[in-house]
Amino acid sequence: MKIAVMEFLTLDGVSQGPGSSTEDTSDGFTGGGWLVPHMDDTFVLRMSEWLDRADGLLLGRRTYSAFARDWPAITDPDDPFTERMNSLPKYVVSNTIETGNWPPTTVLRGDPAQTVRGLKTRPGRELQIHGSARLGSALLSMGLVDTLRLVVAPTVLGSGRRLLTHPAAATGLRLAGHEATPRGLLLLEYEVTGAAIISDYEGVAAIQQTHRAPRARRTWKP
């Protein structure tokens, strides 16, 4: 299976508390709820299409605890995500909890690099990381992430926990899909290509000759 990281971000890279002012107030954060004003039908449709690719959820302890509390309590029959979120296999990377209370759950103890690498050898499509920014950033640094999907809100907060802060090595990405929603969210899909490449600027002619990039394609078709 492949590892896909799904994250909501502000323009300055903050991933903390997108859904409400009380979602995550750790470290004194008071700017939560920044994604909600920009949600629209296109956003909901794309999120549903992305979730369709999942054969399991890979979560850190904090996100798992919040999801295990909130998702089973949703009773709206028209919610497009609840049934899948509750029924998909969950894998929790944690050495502090023994068992999960949101079935079906498997707790992955020990070295995250080894346990997640073991999951990647199993047959299937994607293990998706929703939230769990620390876990997603760590696995990206370890070279275990295959796909990075970002929803970027037209907001600059100036404070809050950021998604990518201390990568172990520079990582290269290829833009595989992009879209702007009517309310201004940018939907970006990247494939991880390995170590980032660098080069020196030698003029426009050199760029035209040696850096003719293929046109980016959309990959989230129904």
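Here, every reference points to the structure presented above.
Residues numbered from 1 in each chain as written. Predicted model: local features only at pLDDT ≥ 70, side-chain atom pairs only at ≥ 80, totals over all residues. Heavy atoms only, no water.

**Q** Run through unusual backbone geometry, naming residues and quoting values.
**A** In this structure, Pro104 follows Pro103 across a cis peptide bond, with omega equal to -5°. Counting through the fold element by element, Pro104 comes out in the loop between strand E3 (90–93) and strand E4 (105–108). One non-glycine residue, Asp27, lies in positive phi territory at about 60°. Positionally, Asp27 belongs in the loop between strand E1 (2–10) and helix H1 (41–51). Despite not being glycine, Ser132 has its phi angle at roughly 45°, a positive value. In this fold, Ser132 is placed in the loop between strand E5 (126–130) and helix H5 (133–141). (Helix = DSSP H or I, 4+ residues; strand = E, 2+ residues; numbered from the N terminus.)

**Q** Can you explain the packing of aromatic side chains? Please cite residues and give values.
**A** For the structure shown, the criterion picks out four aromatic pairs. With a centroid separation of 6.0 Å and an interplanar angle of 45°, the aromatic rings of Tyr64 and Trp102 are classed as tilted. Of this pair, Tyr64 sits in helix H2 (residues 61–70) while Trp102 sits in the loop between E3 and E4; the two residues are 38 residues apart in sequence, bridging distant segments of the chain. Trp102 shares its class with Tyr64; the two are buried. Consider the rings of Phe67 and Trp71, whose centres lie 6.5 Å apart with planes at 90°: the pair is edge-to-face. (Phe/Tyr/Trp six-rings, centres within 6.5 Å; stacked < 30°, edge-to-face > 60°. Buried < 20%, exposed > 50% of the residue type's maximum accessible area, 1.4 Å probe, protein only.)

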